[in-house]
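# Structural description and commentary
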Amino acid sequence: MAEVIKNRYDFIILFDVENGNPNGDPDAGNMPRIDPETGCGLVTDVCIKRKIRNYVETVKEDCEGFKIYIKDSVPLNRSDAKALEYLKVDDIKKAKKDDTNIDIKIRDFMCSNFYDIRTFGAVMTTFVKAALNCGQVRGPVQLGFARSVDPIVPQEVTITRVAITTEADAERKGTEMGRKYIVPYGLYRCEGFVSANLARKSTGFNEDDIALLWESIINMFENDRSAARGNMAVRELIVFKHNSELGEAPAYKLFDMVKVKKREGVEAPRSFADYDLAIDQDALPAGVTMKRLV
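Everything numeric here is computed off the predicted structure, so don't read it as measured data. (Residues numbered from 1 in each chain as written. Predicted model: local features only at pLDDT ≥ 70, side-chain atom pairs only at ≥ 80, totals over all residues. Heavy atoms only, no water.)

### Section: the environment of Gln-281
Selection rule: Every helix listed is a DSSP run of H or I at least four residues long, and every strand listed is a run of E at least two residues long, numbered separately from the N terminus. By the convention used here, residues are in contact when the closest approach between their heavy atoms is within 4.5 Å.
Summarising the element assignment, Gln-281 is placed in the loop between strand S13 (275–279) and strand S14 (288–292). Separated by 263 residues in the primary sequence, Gln-281 and Glu-18 place their C-alpha atoms 30 Å from one another. Apart from the residues within four sequence positions on either side, Gln-281 is in contact with Met-257 and Met-290.

See below:
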């Protein structure tokens, strides 16, 4: 088994969307999410984690150690039950009285079997209701919201639908009209963090896991295409690796080294080529190395 990570990481993801909706808001008619004060587009951390989970599930196909806990149409209690079955526990409250280490055993089983718990942590309702400490696991990998580099201008596009649902509809109407939202172009920046301290103390997130994380981020849109999301691509994955478990510098200082801005003369960006990316490597603190994985 691979060794638990010993280094802290901070990272930046730059991804873009062309003629698509990267993350619709269901409370706003599925309009692309926007910061109302700045006009910049937003993509939630939950959305990005979903892409990572989907990629891992696709390439690993539920193989041992790489199952996914948060899955569509799969009750969490069903996955929780696997730990109780493995440990031969029929009554959780009784098991808690009989075995003072039951929390650790359940946590270790869930972390070793489910990649997304090992990575992002989880709230496991079965164990929370039983007042077990293992019900809430903090994951070593955390993501912030992605924000577009410049304000976006969502467009509402009218579309037509020639397929009629029922015979009655066919008699009284022909082509139906519909609408969809798109962002003509947007470049988004997301910042993330990997805690080696939490990996060691809590989930056992290891070197193989972090390699899979980078692979998942790089390819998170490649096997998750949708007409609604248009053309999305990860353009840059910039990783800062610290020489220690707790790190050598604050994350914000590393993130401030990376500047993205429109090229001179560009008023309405329509491609990644309309931006300049500058990284001030002279400001890199001692004990931190940087890699561009895309």
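Okay, back to it.
### Thoughts on the pattern of salt bridges
Operational definition: A pair is scored as a salt bridge if a Lys or Arg side-chain nitrogen falls within 4 Å of a carboxyl oxygen belonging to Asp or Glu.
Taken as a whole and judged by the stated rule, the model has 21 salt bridges. With its nearest N and O atoms 3.8 Å apart, the salt bridge here joins Arg-179 to Glu-156. Placement of Arg-179 in strand S10 (residues 176–194) and of Glu-156 in strand S9 (residues 155–161) is noted, with a sequence separation of 23 residues between them. Connected through shared salt-bridge partners, Lys-51, Asp-224 and Arg-229 make up one network.

### Section: helix H4 (residues 102–113)
Under the convention used in this document: Expected span of a helix, by definition, is 1.5 Å for each gap between consecutive residues, and there is one gap fewer than residues. Burial classes: relative accessible area under 20% of the type maximum marks a residue as buried, over 50% as exposed, and values in between as partly exposed (1.4 Å probe, protein chains only).
Given a rise of 1.5 Å per residue, 12 residues ought to cover 16 Å, and the 17 Å separating the end C-alpha atoms of H4 matches this to within 8%. Regarding H4, the residues found buried are Ile-102, Asp-103, Ile-106, Phe-109, Met-110, Cys-111 and Asn-113. Its buried side turned inward, H4 meets helix H2 (76–86), helix H3 (92–98), helix H5 (115–120), helix H6 (125–129), strand S6 (136–138) and helix H8 (196–203).

### Some remarks on the packing of aromatic side chains
The cut-off we apply is this: Two aromatic rings, drawn from Phe, Tyr or Trp (for Trp, its six-membered ring), form a pair once their centres lie within 6.5 Å of each other, and the interplanar angle then sorts them: stacked below 30 degrees, edge-to-face above 60, tilted otherwise.
For the coordinates displayed, the defined rule picks out eight aromatic pairs. Geometrically, the ring pair formed by Phe-11 and Trp-214 is edge-to-face, given 5.2 Å between the ring centres and 75° between the ring planes. Placement of Phe-11 in strand S1 (residues 9–20) and of Trp-214 in helix H9 (residues 207–218) is noted, with a sequence separation of 203 residues between them. Each member of the pair, Phe-11 as well as Trp-214, carries the same accessibility label: buried. Seen from their ring centres, Phe-15 and Tyr-188 are 5.5 Å apart, and the 5° between their planes marks the pair as stacked. One end of the pair, Phe-15, is in strand S1; the other, Tyr-188, is in strand S10, with 173 residues separating them in the sequence. The same class applies to Phe-15 as to Tyr-188, namely buried. Each member of the aromatic cluster is reached from another via a ring pair, and the members are Tyr-9, Phe-11 and Trp-214.

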